[in-house]
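# Coordinate inspection notes
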Amino acid sequence: MRTRLAALSVLLAVSLEAAKFYPDDPLPREPKPRRVEKAKWRKLSDYYDFFWNTFARPGDKQAPKRMIRAGGVNTLDEVMDGAWYSNRHYYRRMSIEELLRGAGESNPPADGPWKLLTVKSEGITPGFVIEDGRGERYWLKFDPLTNPEMATAADVIGAKFFYALGYHVPEYYIVHFPRERLALTPKSELRDKLGKRRAMTARDVSEVLLKVPRQRDGDYRAVASRGIKGSELGPFRYHGTRKDDPNDIVPHEHRRDLRGLFVFCAWLGHDDSRAVNTIDFVVEEDGRRFVKHYLIDFGSILGSASDKANSARSGNEHLFAWKPAALQFITLGLYVPHWARADYPKLPPVGRFEHKVFDPERYKSEYPNPAFYNRLPDDCFWAAKQLMAFTDEEIRAIVKAGRYSDQRAEEWIVKCLIERRNKIGRTYVTRVLPLDRFSVSGGRLTFVDLAAEHGIAAPQPYSVQWSRFDNEAERKIALAGRTTFELPEEVRSAGEGEYFAADIRGSDAAKSITVYVRKAAGGAEVVGVERFW
């Protein structure tokens with residue numbers, strides 16, 4: 001009985017101390033991770049993942065009367081730096097040199113013999129796992145014979161964009177090398193068709209290289225992915241959490257960084273955005289051992305399907321869907337979907353990538369992604385504002401890192417990314433009130449109108465109503481006559497730790513933003529942002 005009373009008293013104490021904001025809000029980083037002692041490696045079957053997500057549709061889902069806002073965000077409604085994500089280009093402007101550096105540019109495979117460890121068994125593209133003279137491990141992947149430069153360029157370009165957008169990715173390098181650099185050792189092995197391990201032979205190496213393009217000088221072009229330091233755990237899923245990770249507490253289908261990933265994948269044509277192209281590692285950073293989550297393998301973007309040019313259907317329909325199949329059946333095959341009308345340039349390094357038919361709202365991954373289907377307008381706004389931050393010059397610089405030998409291919413990819421970026425901006429920036437970057441400056445509440453800044457919509461007048469905010473009761477008390485963006489006298493004369501709210505509206509009455517301000521020793525500071533639509 002005493003135990004129950006003690007527990008009840010603790011719960012009551014916690015509830016009495018509950019508040020909307022705490023003194024350390026807003027948190028720029030996730031709390032320091034709890035140490036992970038043991039975590040199990042797991043392999044996820046590609047076929048199982050396809051059938052599970054296609055027919056079972058796992059995860060907690062949005063409902064008309066039960067809107068589930070994104071988690072993994074701070075009181076400013078922004079994703080925090082941490083094991084999943086790190087705020088980069090939009091939040092901390094990166095120079096072109098930093099954009100090109102990405103996750104790293106100083107650790108390509110060293111010159112000299114590359115020890116062949118095994119034939120790359122994951123994925124559909126041929127390749128090897130090698131070790132260079134420094135003992136660094138890399139995964140080598142090649143282009144298909146039909147489309148030289150396509151997949152290798154996509155891997156490098158995709159990694160740099162996703163890194164700038166905040167995700168953890170490995171280092172990728174385009175390399176050129178002669179056959180002689182690949183060195184067999186007594187430890188070189190592979191699995192045969194029956195799954196048995198055996199020693200790798202020169203013939204095995206030749207069989208892989210016969211399937212990939214060779215350059216005019218006789219060398220081979222590949223993309224080298226540097227091994228991630230730590231203990232591999234296998235892929236993460238786009239729903240649920242890892243039970244062996246004490247820091248993984250937000251269901252993945254509700255993470256803002258995974259919901260918003262939909263927009264980034266639509267932009268780059270990453271229809272292969274599924275669990276198999278992710279990986280978790282136990283890493284040691286700053287003396288703490290925790291699980292870090294990565295996106296990997298970007299060879300299936302920008303019109304590439306890794307081993308061939310992408311199909312026109314990819315990115316527009318799931319691999320299996322009832323409605324398209326029914327339409328084809330009912331019309332006896334006469335129905336022509338919108339994506340079948342797209343024109344593609346005859347450029348092998350490009351595959352099938354275009355911008356005229358592209359519609360971000362119609363984008364689909366290969367099969368249903370629980371996080372993508374849970375996206376809300378504020379999730380898409382969060383992603384779209386980051387895409388709009390890329391200038392044309394920055395896009396050109398990153399695409400150039402793909403090292404296309406045909407200038408026309410480079411120019412086409414750049415044009416498509418610019419046009420697709422603009423479409424995404426027009427589609428998502430105004431789904432909510434398009435204001436961002438709130439701060440208190442010069443005695444005023446200031447912000448940026450992203451729709452006006454990017455030419456998406458004409459500037460519009462905004463109105464504001466100030467209120468005193470009871471942080472414990474979470475209740476607003478309107479301040480009469482306080483309807484300008486100048487800080488009211490009540491805010492200026494308030495004591496340290498008092499809270500106020502500014503309700504902002506534009507021409508569309510359905511959309512609004514509440515900005516919360518806290519009085520601090522040095523003045524007033526923005527501590528919270530809530531969007532309504």
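Residues numbered from 1 in each chain as written. Predicted model: local features only at pLDDT ≥ 70, side-chain atom pairs only at ≥ 80, totals over all residues. Heavy atoms only, no water.

## Regarding the confidence of the model for the protein chain
Per-residue confidence for the protein chain averages 93 on the pLDDT scale, and 96% of its residues sit at or above 70. Here residues 1-16 is a poorly scored stretch, pLDDT under 50, and it has 0 contacts once near neighbours within four places are set aside; other chains count. (pLDDT = per-residue confidence, 0-100. Contact = heavy atoms within 4.5 Å.)

## Some words on the sheet that holds strand S10 (residues 278-285)
As a general point, the strands of a sheet are linked pairwise by backbone hydrogen bonds and lie either parallel or antiparallel. Taken together, the 3 strands give an open sheet; going across it, the order is S9-S10-S11, and neighbouring strands pair in antiparallel fashion. The sheet is open, and its two borders are formed by strand S9 (231-234) and strand S11 (288-295), each paired with just one other strand. The mean angle between the axes of side-by-side strands here comes to 30°, regardless of whether they run parallel or antiparallel. Two elements, S10 and S11, share 8 bridges in a ladder whose sense is antiparallel. Of the residues in S11, the one forming a bridge with Glu285 is Arg288. (Pairing = 2+ DSSP bridges. Helix = DSSP H or I, 4+ residues; strand = E, 2+ residues; numbered from the N terminus. Axes fitted to C-alpha atoms, helices over the stretch in contact; angles between N-to-C directions.)

## Quick notes on the packing of helix H7 (residues 261-268) against helix H10 (residues 377-388)
Two elements in contact, H7 and H10, have axes separated by 8 Å at closest approach and are oriented at 45°. As the angle between them shows, H7 and H10 are arranged oblique. Residues Val263, Phe264 and Trp267 of H7 touch H10, and the partners they reach there are Cys380, Trp382, Ala383, Ala384, Gln386 and Leu387. Tallied by class, residues from the contact of H7 with H10 come to 8 nonpolar, 1 polar and no charged. (Parallel < 35°, antiparallel > 145°, perpendicular 65-115°, else oblique. Nonpolar A, V, L, I, M, F, W, Y, C, P; charged D, E, K, R; others polar.)

## Comments concerning the packing of aromatic side chains
What the rule picks out here adds up to 33 aromatic pairs. Measuring from ring centre to ring centre gives 5.1 Å for Phe162 and Phe298, while their planes differ by 20°; the resulting arrangement is stacked. Taken as a pair, Phe162 in helix H4 (residues 150-164) and Phe298 in the loop between S11 and helix H8 (322-330) lie far apart in primary sequence, 136 residues in all. By relative accessible area, which is 0% here, Phe298 ends up buried. Aromatic side chains Trp267 and Phe390 sit 5.8 Å apart centroid to centroid with 25° between the ring planes, which places their arrangement in the stacked category. Of this pair, Trp267 sits in helix H7 while Phe390 sits in the loop between H10 and helix H11 (392-400), and the two are 123 residues apart along the sequence. Given the relative accessible area of 0%, Trp267 is considered buried. For Phe390, a relative accessible area of 1% corresponds to the buried category. (Phe/Tyr/Trp six-rings, centres within 6.5 Å; stacked < 30°, edge-to-face > 60°. Buried < 20%, exposed > 50% of the residue type's maximum accessible area, 1.4 Å probe, protein only.)

## Observations concerning the layout of surface pockets
Computed from the structure, the second largest pocket encloses a volume of approximately 660 Å³. Surrounding the second largest pocket, 29 residues form its lining, Glu30, Pro31, Lys32, Pro33 and Gly82 being those nearest its centre. With 5 residues, the top contributor of residues to the lining of the second largest pocket is S11. Residues belonging to the lining of the second largest pocket are distributed by class as follows: 11 nonpolar, 6 polar and 12 charged. (1 Å grid on protein atoms, 1.4 Å probe; cavity = no way out; pocket = protein on both sides within 12 Å on 5 of 7 lines; lining within 4 Å. Points joined across faces, edges and corners; volume = space filled by probe spheres on them.)

## Brief notes about the sheet that holds strand S15 (residues 475-478)
Strand order in the open sheet formed by 5 strands is S15-S14-S16-S17-S18, with antiparallel pairing between adjacent strands. Whereas interior strands pair on both sides, the edge strands pair on one side only; in this sheet they are S15 and strand S18 (523-532). Neighbouring strand axes in the sheet, compared pairwise and without regard to direction, differ in orientation by 30° on average. Across 4 bridges, the pairing between strand S14 (residues 463-470) and S15 is antiparallel. Across the sheet, the residue bridging to Phe469 is Lys476, located in S15.

## Points about the pairing of S18
Looking along a regular strand, one sees side chains alternate from face to face of the sheet. Here strand S17 (residues 512-520) pairs with S18 via 9 bridges, running antiparallel. Within S18, the position partnered with Lys519 by the bridge is Ala524. The turn linking S17 back onto S18 is made up of 2 residues.

## With respect to the pairing of strand S3 (residues 137-141)
In terms of strand pairing, strand S2 (residues 127-131) meets S3 through 5 bridges, oriented antiparallel. Opposite Phe128, over in S3, you have Leu140 as the bridge partner. In this antiparallel pair of consecutive strands, S2 and S3, the connection spans 5 residues, and Gly135 shows a positive phi of 85°. Sheet topology note: the S3/strand S8 (residues 220-226) ladder contains 4 bridges and is antiparallel.

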